Amino acid sequence: MRCAVVTAARATKNADDGHGDGRATGGEATGDWHGEGGKAATGGEATGEGHTAGGKAAADGLATGGDAVGVTSPASGPLPRPLLRSAVELYLDLHAHPELSGHEHRTADRLAARLAEHGCTVTRSVGGGHGLVGVLRNGPGPTVLLRTELDALPVTEATGLPYASTVPGVMHACGHDLHIAAVTGAVALLAASRDGWRGTVLVVGQPEEETLSGARSLLEDGRLYERFGVPDAVLAQHAAPLPAGTLAHAPAGGPPLMAGSIAVEAVLHGRGGHAATPHLNLDPVLMAAATVLRLRTVVAEETVAAEQAVLTVGSVRAGERGNITPDHAELSLTIRAFTEPALDRLVAAAERAVRAEAAAFGAPRPPGFTVTARSPALRPDPALTARVRRVHEALLGPARVLDLAGSAATEDFPHFAAGGVPAAYWMLGTTGAGPWRAARAGGDPVPPNHAPGFAPDVRAALPVGITALATAARQVLDPGAAGDRGTAS
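Structure report, in brief.

## Some details on the pairing of strand β11 (residues 328-337)
Step number 1: The pairing of strand β7 (residues 260-269) with β11 spans 10 bridges and is antiparallel. Following the sheet pairing, His269 is matched in β11 by His328.
Step number 2: For strand β9 (residues 309-317) and β11, the ladder comprises eight bridges, and the chain directions are antiparallel. Pairing of Thr312 across the sheet is with Thr334, part of β11.

See the structure below:
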(Lines give C-alpha, C1' and ligand atoms only; values in the text may rest on other atoms or scores of the structure.)
Protein backbone atom coordinates (compact mmCIF):
# COMPACT_ATOMS: atom_id res chain seq x y z
CA MET A 1 0.00 0.00 0.00
CA ARG A 2 1.46 3.33 -1.05
CA CYS A 3 0.24 6.58 0.43
CA ALA A 4 0.36 10.18 -0.78
CA VAL A 5 1.19 12.71 1.91
CA VAL A 6 0.16 16.33 1.55
CA THR A 7 2.78 17.46 4.03
CA ALA A 8 5.76 15.90 2.29
CA ALA A 9 7.90 18.94 3.02
CA ARG A 10 6.99 18.73 6.66
CA ALA A 11 7.83 15.04 6.78
CA THR A 12 11.14 15.72 5.10
CA LYS A 13 11.97 18.43 7.61
CA ASN A 14 11.15 16.09 10.47
CA ALA A 15 13.50 13.47 9.07
CA ASP A 16 16.28 15.92 8.27
CA ASP A 17 16.21 18.23 11.29
CA GLY A 18 17.72 17.77 14.71
CA HIS A 19 14.99 15.34 15.71
CA GLY A 20 16.18 12.84 13.11
CA ASP A 21 16.86 10.32 15.83
CA GLY A 22 13.12 9.84 16.18
CA ARG A 23 12.58 11.86 19.32
CA ALA A 24 9.27 13.57 19.73
CA THR A 25 9.25 17.32 20.10
CA GLY A 26 8.05 17.00 23.65
CA GLY A 27 11.18 15.09 24.58
CA GLU A 28 9.57 11.65 24.65
CA ALA A 29 11.45 9.16 22.58
CA THR A 30 9.70 7.39 19.74
CA GLY A 31 12.56 5.16 18.72
CA ASP A 32 15.91 5.74 17.04
CA TRP A 33 16.07 6.12 13.27
CA HIS A 34 19.27 4.13 12.97
CA GLY A 35 20.25 1.60 10.39
CA GLU A 36 20.74 1.67 6.66
CA GLY A 37 18.51 0.04 4.09
CA GLY A 38 15.75 -0.43 6.63
CA LYS A 39 17.54 -3.36 8.23
CA ALA A 40 15.62 -3.26 11.47
CA ALA A 41 17.44 -0.12 12.67
CA THR A 42 19.82 -2.12 14.77
CA GLY A 43 22.48 0.50 15.26
CA GLY A 44 25.03 -2.28 15.00
CA GLU A 45 23.26 -4.71 17.29
CA ALA A 46 22.43 -8.23 16.19
CA THR A 47 18.88 -8.53 14.91
CA GLY A 48 18.55 -11.93 13.40
CA GLU A 49 21.41 -14.23 14.26
CA GLY A 50 19.94 -17.69 14.38
CA HIS A 51 16.95 -16.42 12.38
CA THR A 52 13.68 -16.92 14.21
CA ALA A 53 15.04 -19.98 15.95
CA GLY A 54 17.13 -17.42 17.81
CA GLY A 55 14.36 -14.85 17.68
CA LYS A 56 14.56 -14.05 21.38
CA ALA A 57 18.19 -13.06 21.06
CA ALA A 58 17.29 -10.91 18.07
CA ALA A 59 14.40 -9.39 19.97
CA ASP A 60 16.69 -8.59 22.89
CA GLY A 61 18.96 -6.69 20.53
CA LEU A 62 16.10 -4.61 19.19
CA ALA A 63 14.15 -4.10 22.40
CA THR A 64 16.97 -3.02 24.68
CA GLY A 65 18.91 -0.59 22.52
CA GLY A 66 18.60 3.17 22.20
CA ASP A 67 15.46 5.09 22.97
CA ALA A 68 12.98 2.65 21.54
CA VAL A 69 11.87 1.64 25.01
CA GLY A 70 11.31 5.24 25.99
CA VAL A 71 7.95 5.73 24.31
CA THR A 72 5.44 6.76 26.93
CA SER A 73 2.78 4.12 27.36
CA PRO A 74 -0.86 4.57 28.35
CA ALA A 75 0.07 3.15 31.73
CA SER A 76 2.35 6.19 32.29
CA GLY A 77 5.99 5.34 31.94
CA PRO A 78 8.25 3.74 29.36
CA LEU A 79 7.26 0.61 27.52
CA PRO A 80 8.35 -2.34 29.66
CA ARG A 81 11.32 -4.04 28.04
CA PRO A 82 9.81 -7.54 28.34
CA LEU A 83 6.68 -6.32 26.54
CA LEU A 84 8.66 -4.76 23.71
CA ARG A 85 10.99 -7.76 23.49
CA SER A 86 7.99 -10.05 23.20
CA ALA A 87 6.44 -7.92 20.46
CA VAL A 88 9.68 -7.80 18.49
CA GLU A 89 10.13 -11.56 18.79
CA LEU A 90 6.63 -12.06 17.42
CA TYR A 91 7.32 -9.68 14.55
CA LEU A 92 10.55 -11.45 13.58
CA ASP A 93 8.85 -14.83 13.65
CA LEU A 94 5.87 -13.71 11.59
CA HIS A 95 8.07 -11.95 9.06
CA ALA A 96 10.09 -15.11 8.54
CA HIS A 97 6.98 -17.29 8.18
CA PRO A 98 4.46 -15.42 6.00
CA GLU A 99 1.23 -17.05 4.82
CA LEU A 100 -0.90 -16.15 1.83
CA SER A 101 -4.55 -15.11 1.97
CA GLY A 102 -6.76 -17.98 3.08
CA HIS A 103 -3.83 -19.98 4.49
CA GLU A 104 -3.04 -17.99 7.65
CA HIS A 105 -3.32 -20.91 10.09
CA ARG A 106 0.10 -20.51 11.74
CA THR A 107 -0.24 -16.74 11.92
CA ALA A 108 -3.65 -17.09 13.55
CA ASP A 109 -2.20 -19.59 16.01
CA ARG A 110 0.52 -17.16 17.06
CA LEU A 111 -1.90 -14.26 17.47
CA ALA A 112 -4.41 -16.36 19.39
CA ALA A 113 -1.73 -17.59 21.78
CA ARG A 114 -0.52 -14.06 22.51
CA LEU A 115 -4.02 -12.74 23.10
CA ALA A 116 -4.75 -15.61 25.47
CA GLU A 117 -1.55 -14.83 27.40
CA HIS A 118 -2.87 -11.32 27.99
CA GLY A 119 -6.22 -12.50 29.35
CA CYS A 120 -8.35 -12.48 26.22
CA THR A 121 -11.00 -15.07 25.55
CA VAL A 122 -10.27 -16.17 21.98
CA THR A 123 -12.75 -17.52 19.43
CA ARG A 124 -11.30 -19.14 16.30
CA SER A 125 -12.63 -19.79 12.79
CA VAL A 126 -14.90 -16.76 12.81
CA GLY A 127 -16.33 -16.45 9.31
CA GLY A 128 -15.35 -19.95 8.27
CA GLY A 129 -11.66 -19.21 7.65
CA HIS A 130 -8.76 -18.28 9.91
CA GLY A 131 -10.47 -15.23 11.39
CA LEU A 132 -10.35 -14.87 15.16
CA VAL A 133 -11.68 -12.59 17.86
CA GLY A 134 -10.09 -11.93 21.23
CA VAL A 135 -12.22 -10.39 23.98
CA LEU A 136 -10.71 -8.53 26.94
CA ARG A 137 -13.43 -7.48 29.39
CA ASN A 138 -12.92 -5.01 32.20
CA GLY A 139 -16.34 -4.27 33.60
CA PRO A 140 -19.18 -2.22 32.09
CA GLY A 141 -18.32 0.47 29.58
CA PRO A 142 -17.75 1.09 25.88
CA THR A 143 -16.47 -1.48 23.42
CA VAL A 144 -13.55 -0.73 21.13
CA LEU A 145 -12.53 -3.01 18.26
CA LEU A 146 -8.89 -3.23 17.19
CA ARG A 147 -8.38 -4.77 13.75
CA THR A 148 -5.21 -6.40 12.45
CA GLU A 149 -4.68 -8.35 9.24
CA LEU A 150 -3.05 -11.77 9.00
CA ASP A 151 -2.11 -12.40 5.36
CA ALA A 152 1.06 -11.87 3.35
CA LEU A 153 1.63 -11.36 -0.38
CA PRO A 154 2.94 -13.46 -3.29
CA VAL A 155 6.15 -11.40 -3.46
CA THR A 156 9.73 -12.71 -3.37
CA GLU A 157 11.58 -10.85 -0.63
CA ALA A 158 14.72 -8.93 -1.60
CA THR A 159 15.51 -7.06 1.63
CA GLY A 160 18.60 -9.02 2.62
CA LEU A 161 17.34 -9.03 6.21
CA PRO A 162 18.65 -11.80 8.46
CA TYR A 163 15.05 -12.60 9.37
CA ALA A 164 13.77 -12.50 5.77
CA SER A 165 10.97 -14.78 4.62
CA THR A 166 11.74 -18.48 4.64
CA VAL A 167 8.78 -19.19 2.35
CA PRO A 168 9.71 -19.03 -1.34
CA GLY A 169 7.68 -16.46 -3.23
CA VAL A 170 5.81 -15.20 -0.17
CA MET A 171 6.58 -12.09 1.86
CA HIS A 172 5.04 -9.77 4.43
CA ALA A 173 5.41 -6.88 2.00
CA CYS A 174 2.53 -4.84 3.37
CA GLY A 175 3.37 -4.69 7.08
CA HIS A 176 0.69 -6.99 8.43
CA ASP A 177 3.30 -8.69 10.60
CA LEU A 178 4.06 -5.29 12.14
CA HIS A 179 0.35 -4.69 12.71
CA ILE A 180 -0.04 -8.00 14.55
CA ALA A 181 2.95 -7.36 16.78
CA ALA A 182 1.68 -3.85 17.56
CA VAL A 183 -1.82 -4.99 18.48
CA THR A 184 -0.50 -7.67 20.84
CA GLY A 185 1.69 -5.06 22.51
CA ALA A 186 -1.27 -2.69 22.82
CA VAL A 187 -3.41 -5.41 24.40
CA ALA A 188 -0.58 -6.20 26.82
CA LEU A 189 -0.49 -2.54 27.87
CA LEU A 190 -4.24 -2.39 28.32
CA ALA A 191 -4.34 -5.65 30.24
CA ALA A 192 -1.65 -4.36 32.60
CA SER A 193 -3.44 -1.05 33.25
CA ARG A 194 -7.02 -2.08 34.02
CA ASP A 195 -7.25 0.46 36.83
CA GLY A 196 -7.21 3.18 34.19
CA TRP A 197 -10.09 2.09 31.96
CA ARG A 198 -13.34 0.16 31.86
CA GLY A 199 -15.18 -1.53 29.04
CA THR A 200 -14.39 -4.22 26.47
CA VAL A 201 -11.59 -4.57 23.95
CA LEU A 202 -12.29 -6.71 20.89
CA VAL A 203 -9.24 -7.75 18.88
CA VAL A 204 -10.08 -8.99 15.39
CA GLY A 205 -7.49 -10.98 13.47
CA GLN A 206 -8.68 -10.64 9.88
CA PRO A 207 -7.58 -13.05 7.17
CA GLU A 208 -7.69 -12.34 3.43
CA GLU A 209 -7.35 -8.57 3.54
CA GLU A 210 -5.22 -8.61 0.40
CA THR A 211 -8.09 -10.18 -1.54
CA LEU A 212 -10.59 -7.70 -0.05
CA SER A 213 -12.78 -10.57 1.14
CA GLY A 214 -11.83 -11.09 4.80
CA ALA A 215 -13.79 -8.27 6.43
CA ARG A 216 -17.09 -9.19 4.80
CA SER A 217 -16.53 -12.85 5.66
CA LEU A 218 -16.10 -11.95 9.34
CA LEU A 219 -19.09 -9.63 9.40
CA GLU A 220 -21.51 -11.64 7.27
CA ASP A 221 -20.54 -15.31 7.47
CA GLY A 222 -19.08 -14.98 10.96
CA ARG A 223 -21.85 -12.65 12.22
CA LEU A 224 -19.16 -10.69 14.03
CA TYR A 225 -21.34 -7.94 15.49
CA GLU A 226 -24.21 -10.26 16.27
CA ARG A 227 -21.97 -12.58 18.29
CA PHE A 228 -19.62 -10.11 19.94
CA GLY A 229 -21.61 -6.88 20.01
CA VAL A 230 -21.52 -3.72 17.92
CA PRO A 231 -18.46 -1.70 18.99
CA ASP A 232 -18.59 1.95 19.92
CA ALA A 233 -15.50 2.53 17.78
CA VAL A 234 -13.29 0.59 15.37
CA LEU A 235 -9.57 1.36 15.16
CA ALA A 236 -6.79 0.28 12.82
CA GLN A 237 -3.41 1.48 11.62
CA HIS A 238 -1.30 0.64 8.58
CA ALA A 239 2.41 0.65 7.84
CA ALA A 240 3.44 3.25 5.27
CA PRO A 241 6.73 4.49 3.74
CA LEU A 242 6.76 7.64 5.89
CA PRO A 243 9.49 8.57 8.39
CA ALA A 244 9.61 6.03 11.21
CA GLY A 245 8.42 7.58 14.44
CA THR A 246 5.57 9.46 12.75
CA LEU A 247 1.84 8.88 12.38
CA ALA A 248 -0.42 10.31 9.68
CA HIS A 249 -4.16 11.05 9.74
CA ALA A 250 -6.64 12.22 7.15
CA PRO A 251 -7.11 15.98 7.57
CA ALA A 252 -10.56 17.26 8.53
CA GLY A 253 -12.66 18.03 5.49
CA GLY A 254 -10.26 16.28 3.12
CA PRO A 255 -10.92 13.53 0.57
CA PRO A 256 -11.37 9.89 1.58
CA LEU A 257 -8.23 8.41 3.05
CA MET A 258 -8.28 5.54 0.55
CA ALA A 259 -10.07 4.76 -2.66
CA GLY A 260 -12.86 2.28 -3.11
CA SER A 261 -11.96 -0.75 -5.18
CA ILE A 262 -13.44 -3.47 -7.35
CA ALA A 263 -11.53 -6.68 -8.14
CA VAL A 264 -12.38 -8.53 -11.35
CA GLU A 265 -11.43 -11.86 -12.89
CA ALA A 266 -11.91 -12.05 -16.67
CA VAL A 267 -11.58 -15.19 -18.83
CA LEU A 268 -11.05 -14.92 -22.59
CA HIS A 269 -11.87 -18.02 -24.64
CA GLY A 270 -10.01 -19.07 -27.79
CA ARG A 271 -9.28 -22.30 -29.68
CA GLY A 272 -6.23 -24.20 -28.67
CA GLY A 273 -3.96 -26.12 -30.97
CA HIS A 274 -0.46 -26.59 -32.31
CA ALA A 275 1.71 -23.49 -32.45
CA ALA A 276 2.65 -24.42 -36.04
CA THR A 277 -0.96 -24.06 -37.22
CA PRO A 278 -2.07 -20.59 -36.09
CA HIS A 279 -4.63 -20.44 -38.93
CA LEU A 280 -6.50 -23.31 -37.26
CA ASN A 281 -6.37 -21.80 -33.80
CA LEU A 282 -7.75 -18.68 -32.12
CA ASP A 283 -4.99 -17.31 -29.91
CA PRO A 284 -6.32 -16.10 -26.53
CA VAL A 285 -2.86 -14.74 -25.67
CA LEU A 286 -3.09 -12.24 -28.50
CA MET A 287 -6.67 -11.51 -27.47
CA ALA A 288 -5.51 -10.89 -23.90
CA ALA A 289 -2.72 -8.56 -25.05
CA ALA A 290 -5.14 -6.47 -27.08
CA THR A 291 -7.59 -6.43 -24.18
CA VAL A 292 -4.96 -5.20 -21.73
CA LEU A 293 -4.03 -2.33 -24.06
CA ARG A 294 -7.69 -1.45 -24.51
CA LEU A 295 -8.33 -1.50 -20.75
CA ARG A 296 -5.51 0.97 -20.19
CA THR A 297 -7.56 3.61 -22.02
CA VAL A 298 -10.73 3.14 -19.95
CA VAL A 299 -9.87 5.60 -17.17
CA ALA A 300 -8.98 8.38 -19.61
CA GLU A 301 -12.18 7.86 -21.57
CA GLU A 302 -14.56 7.47 -18.63
CA THR A 303 -13.36 10.04 -16.09
CA VAL A 304 -12.81 13.78 -16.11
CA ALA A 305 -9.29 15.00 -15.49
CA ALA A 306 -10.05 16.09 -11.93
CA GLU A 307 -11.46 12.68 -10.95
CA GLN A 308 -8.78 10.35 -9.66
CA ALA A 309 -9.14 6.75 -10.76
CA VAL A 310 -6.84 3.83 -11.52
CA LEU A 311 -7.32 0.62 -13.50
CA THR A 312 -4.56 -1.98 -13.22
CA VAL A 313 -4.24 -5.37 -14.86
CA GLY A 314 -2.06 -7.11 -12.32
CA SER A 315 -2.00 -10.64 -13.73
CA VAL A 316 -2.23 -12.31 -17.14
CA ARG A 317 -2.23 -16.11 -17.18
CA ALA A 318 -2.31 -18.31 -20.28
CA GLY A 319 -0.78 -21.55 -21.46
CA GLU A 320 2.00 -23.81 -20.25
CA ARG A 321 4.33 -24.33 -23.26
CA GLY A 322 5.65 -22.18 -26.06
CA ASN A 323 4.62 -24.70 -28.74
CA ILE A 324 0.97 -24.90 -27.71
CA THR A 325 -1.72 -22.32 -28.33
CA PRO A 326 -3.87 -22.39 -25.17
CA ASP A 327 -7.64 -22.36 -25.26
CA HIS A 328 -8.14 -19.54 -22.76
CA ALA A 329 -6.44 -16.64 -21.01
CA GLU A 330 -7.21 -15.11 -17.61
CA LEU A 331 -6.87 -11.51 -16.50
CA SER A 332 -6.96 -10.16 -12.95
CA LEU A 333 -7.64 -6.45 -12.64
CA THR A 334 -8.51 -3.85 -10.04
CA ILE A 335 -10.43 -0.63 -10.46
CA ARG A 336 -9.98 2.16 -7.92
CA ALA A 337 -11.92 5.40 -7.50
CA PHE A 338 -13.15 7.64 -4.70
CA THR A 339 -16.91 7.48 -5.38
CA GLU A 340 -19.35 4.64 -5.91
CA PRO A 341 -20.71 6.13 -9.18
CA ALA A 342 -17.16 6.29 -10.57
CA LEU A 343 -16.53 2.67 -9.63
CA ASP A 344 -19.80 1.58 -11.25
CA ARG A 345 -19.02 3.54 -14.40
CA LEU A 346 -15.50 2.15 -14.71
CA VAL A 347 -16.40 -1.47 -14.11
CA ALA A 348 -19.16 -1.22 -16.73
CA ALA A 349 -16.69 0.28 -19.21
CA ALA A 350 -14.11 -2.41 -18.42
CA GLU A 351 -16.67 -5.13 -19.06
CA ARG A 352 -17.62 -3.53 -22.39
CA ALA A 353 -13.96 -3.43 -23.41
CA VAL A 354 -13.39 -7.09 -22.53
CA ARG A 355 -16.51 -8.21 -24.39
CA ALA A 356 -15.77 -6.02 -27.41
CA GLU A 357 -12.24 -7.38 -27.85
CA ALA A 358 -13.51 -10.94 -27.57
CA ALA A 359 -16.16 -10.24 -30.20
CA ALA A 360 -13.62 -8.55 -32.48
CA PHE A 361 -11.42 -11.67 -32.35
CA GLY A 362 -14.40 -13.93 -33.07
CA ALA A 363 -14.16 -15.77 -29.76
CA PRO A 364 -16.12 -19.03 -29.75
CA ARG A 365 -18.03 -17.91 -26.67
CA PRO A 366 -18.43 -14.75 -24.61
CA PRO A 367 -15.78 -13.98 -22.03
CA GLY A 368 -16.27 -14.42 -18.33
CA PHE A 369 -16.29 -11.22 -16.30
CA THR A 370 -16.68 -11.74 -12.55
CA VAL A 371 -16.47 -9.17 -9.76
CA THR A 372 -14.76 -11.06 -6.95
CA ALA A 373 -14.57 -8.33 -4.31
CA ARG A 374 -15.66 -4.76 -3.70
CA SER A 375 -14.78 -2.30 -0.99
CA PRO A 376 -16.00 1.28 -0.50
CA ALA A 377 -13.78 4.30 -0.07
CA LEU A 378 -12.28 4.65 3.41
CA ARG A 379 -13.69 7.72 5.17
CA PRO A 380 -12.62 7.81 8.83
CA ASP A 381 -15.17 9.32 11.20
CA PRO A 382 -14.22 13.01 11.61
CA ALA A 383 -15.10 13.32 15.30
CA LEU A 384 -13.38 10.10 16.34
CA THR A 385 -10.36 10.91 14.17
CA ALA A 386 -10.03 14.32 15.84
CA ARG A 387 -10.08 12.71 19.29
CA VAL A 388 -7.53 10.09 18.33
CA ARG A 389 -5.30 12.64 16.65
CA ARG A 390 -5.24 14.76 19.80
CA VAL A 391 -3.98 11.87 21.91
CA HIS A 392 -1.41 10.98 19.27
CA GLU A 393 -0.15 14.55 19.26
CA ALA A 394 0.05 14.47 23.03
CA LEU A 395 2.02 11.23 22.79
CA LEU A 396 4.48 12.18 20.05
CA GLY A 397 4.25 15.95 19.67
CA PRO A 398 2.35 17.71 16.84
CA ALA A 399 5.36 17.65 14.49
CA ARG A 400 5.25 13.86 14.43
CA VAL A 401 1.57 13.63 13.44
CA LEU A 402 1.19 14.38 9.72
CA ASP A 403 -1.70 15.08 7.37
CA LEU A 404 -2.39 12.45 4.74
CA ALA A 405 -3.93 13.10 1.33
CA GLY A 406 -6.26 10.63 -0.35
CA SER A 407 -4.47 7.56 -1.69
CA ALA A 408 -5.46 5.20 -4.49
CA ALA A 409 -4.53 2.33 -2.19
CA THR A 410 -7.53 0.40 -0.96
CA GLU A 411 -8.67 -1.60 2.07
CA ASP A 412 -11.67 -3.66 3.11
CA PHE A 413 -11.58 -2.02 6.57
CA PRO A 414 -14.54 0.29 5.66
CA HIS A 415 -16.87 -2.70 5.97
CA PHE A 416 -16.36 -2.60 9.76
CA ALA A 417 -17.93 0.88 9.75
CA ALA A 418 -21.12 -0.27 8.02
CA GLY A 419 -24.27 0.90 9.73
CA GLY A 420 -22.64 4.02 11.13
CA VAL A 421 -20.02 2.50 13.46
CA PRO A 422 -17.37 5.23 14.00
CA ALA A 423 -13.98 4.24 12.63
CA ALA A 424 -10.52 5.79 12.90
CA TYR A 425 -7.60 4.73 10.71
CA TRP A 426 -4.10 6.16 10.52
CA MET A 427 -0.74 5.45 8.94
CA LEU A 428 2.32 4.30 10.85
CA GLY A 429 5.65 5.51 9.45
CA THR A 430 8.18 2.74 8.88
CA THR A 431 11.13 4.27 6.99
CA GLY A 432 14.39 4.74 8.89
CA ALA A 433 16.38 7.97 8.67
CA GLY A 434 19.15 6.44 6.56
CA PRO A 435 16.95 5.29 3.66
CA TRP A 436 14.77 8.42 3.94
CA ARG A 437 17.71 10.81 3.72
CA ALA A 438 19.36 8.78 0.96
CA ALA A 439 16.18 9.00 -1.11
CA ARG A 440 15.96 12.73 -0.47
CA ALA A 441 19.55 13.11 -1.66
CA GLY A 442 18.73 11.51 -5.01
CA GLY A 443 19.51 7.92 -4.12
CA ASP A 444 17.26 4.92 -4.44
CA PRO A 445 13.62 5.64 -3.65
CA VAL A 446 12.16 4.21 -0.45
CA PRO A 447 10.62 0.82 -1.29
CA PRO A 448 6.85 1.14 -0.85
CA ASN A 449 4.40 -1.45 0.39
CA HIS A 450 4.08 -4.48 -1.91
CA ALA A 451 7.67 -4.02 -3.13
CA PRO A 452 10.28 -6.81 -2.67
CA GLY A 453 12.48 -4.39 -0.70
CA PHE A 454 9.83 -3.18 1.76
CA ALA A 455 11.59 -3.31 5.16
CA PRO A 456 10.10 -1.47 8.15
CA ASP A 457 12.47 0.08 10.67
CA VAL A 458 11.24 -2.12 13.48
CA ARG A 459 12.94 -0.44 16.41
CA ALA A 460 11.45 2.92 15.55
CA ALA A 461 8.07 1.87 14.16
CA LEU A 462 6.93 -0.89 16.51
CA PRO A 463 7.01 1.04 19.83
CA VAL A 464 5.08 3.89 18.21
CA GLY A 465 2.57 1.42 16.72
CA ILE A 466 1.99 -0.18 20.12
CA THR A 467 1.44 3.06 21.98
CA ALA A 468 -0.55 4.72 19.19
CA LEU A 469 -3.05 1.86 19.20
CA ALA A 470 -3.26 1.62 22.99
CA THR A 471 -3.73 5.37 23.54
CA ALA A 472 -6.39 5.49 20.82
CA ALA A 473 -8.24 2.61 22.48
CA ARG A 474 -8.12 4.32 25.85
CA GLN A 475 -9.61 7.44 24.27
CA VAL A 476 -12.73 5.37 23.60
CA LEU A 477 -12.85 3.35 26.81
CA ASP A 478 -14.24 4.78 30.05
CA PRO A 479 -11.59 5.95 32.52
CA GLY A 480 -11.60 3.59 35.47
CA ALA A 481 -11.80 4.85 39.04
CA ALA A 482 -9.46 3.49 41.69
CA GLY A 483 -11.34 1.04 43.80
CA ASP A 484 -14.04 0.64 41.15
CA ARG A 485 -12.32 -1.47 38.54
CA GLY A 486 -15.17 -3.53 37.26
CA THR A 487 -14.88 -7.23 36.65
CA ALA A 488 -12.17 -8.55 34.38
CA SER A 489 -12.57 -11.80 32.52
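## Remarks on the side chain of Thr200
Step number 1: In this structure, Thr200 sits in strand β4 (residues 199-206).
Step number 2: Beyond its immediate sequence surroundings of up to four residues, Thr200 is in contact with Val135, Leu136, Arg137, Pro142, Thr143, Val144 and Leu477.

## Regarding the layout of surface pockets
Step number 1: One number sums up the size of the largest pocket: a volume of about 900 Å³.
Step number 2: Breaking the lining of the largest pocket down by element, the ones donating at least two residues are β7, β9, β11 and β12 (368-375).
Step number 3: In terms of residue class, the lining of the largest pocket is made up of 13 nonpolar, 11 polar and five charged.

## Details of the sheet that holds β4
Step number 1: The eight strands lie next to each other as β1-β2-β4-β3-β5-β14-β6-β13, forming an open sheet whose pairing is mixed. Both edges of this open sheet fall to β1 (121-123) and β13 (401-403), since each of them pairs with a single strand only. Averaged over all pairs of adjacent strands, the angle between their axes in this sheet comes to 25°, without regard to strand direction.
Step number 2: Along the sheet face, helix α4 (residues 105-117) touches β1, β2 (132-138), β3 (143-149) and β4 and points at about 10° away from the line of β2.

## Some words on helix α10 (residues 340-360)
Step number 1: An ideal rise of 1.5 Å per residue puts 30 Å on 21 residues; α10 measures up with 30 Å between its terminal C-alpha atoms.
Step number 2: Listed as buried for α10 are Ala342, Leu343, Leu346, Val347, Ala349, Ala350, Ala353, Val354, Glu357 and Ala358.
Step number 3: The secondary structure elements touched by the buried residues of α10 are β7, α8 (284-295), α9 (298-302), β9, β11 and β12.
Step number 4: Of the residues that open α10, the one with a side-chain oxygen 3.2 Å from the backbone nitrogen of Ala342 is Thr339.

## A short note on the nonpolar core
Step number 1: Grouped together as the largest cluster of nonpolar side chains are 66 residues, with contacts concentrated most on Val144, Leu146, Val201, Leu235, Trp426, Leu462 and Ile466.
Step number 2: Not counting the four nearest positions on each side in its chain, Trp426 is found in contact with Leu235, Ala236, Gln237, His238, Leu247, Ala248, His249, Val388, His392, Ala468, Leu469 and Ala472.
Step number 3: Residues Val313, Ala329, Ile335 and Ala353 belong to the second largest nonpolar core, which totals 30 residues.

Thresholds, definitions, all that
- Residues numbered from 1 in each chain as written.
- Predicted model: local features only at pLDDT ≥ 70, side-chain atom pairs only at ≥ 80, totals over all residues.
- Heavy atoms only, no water.
- Pairing = 2+ DSSP bridges.
- Helix = DSSP H or I, 4+ residues; strand = E, 2+ residues; numbered from the N terminus.
- Contact = heavy atoms within 4.5 Å.
- 1 Å grid on protein atoms, 1.4 Å probe; cavity = no way out; pocket = protein on both sides within 12 Å on 5 of 7 lines; lining within 4 Å.
- Points joined across faces, edges and corners; volume = space filled by probe spheres on them.
- Nonpolar A, V, L, I, M, F, W, Y, C, P; charged D, E, K, R; others polar.
- Axes fitted to C-alpha atoms, helices over the stretch in contact; angles between N-to-C directions.
- Expected span 1.5 Å × (residues − 1).
- Buried < 20%, exposed > 50% of the residue type's maximum accessible area, 1.4 Å probe, protein only.
- Polar contact = N/O pair within 3.5 Å; in protein donor to acceptor, adjacent residues only side chain to side chain.
- Core = buried A, V, L, I, M, F, W, Y, C linked by side-chain atoms within 4.5 Å.

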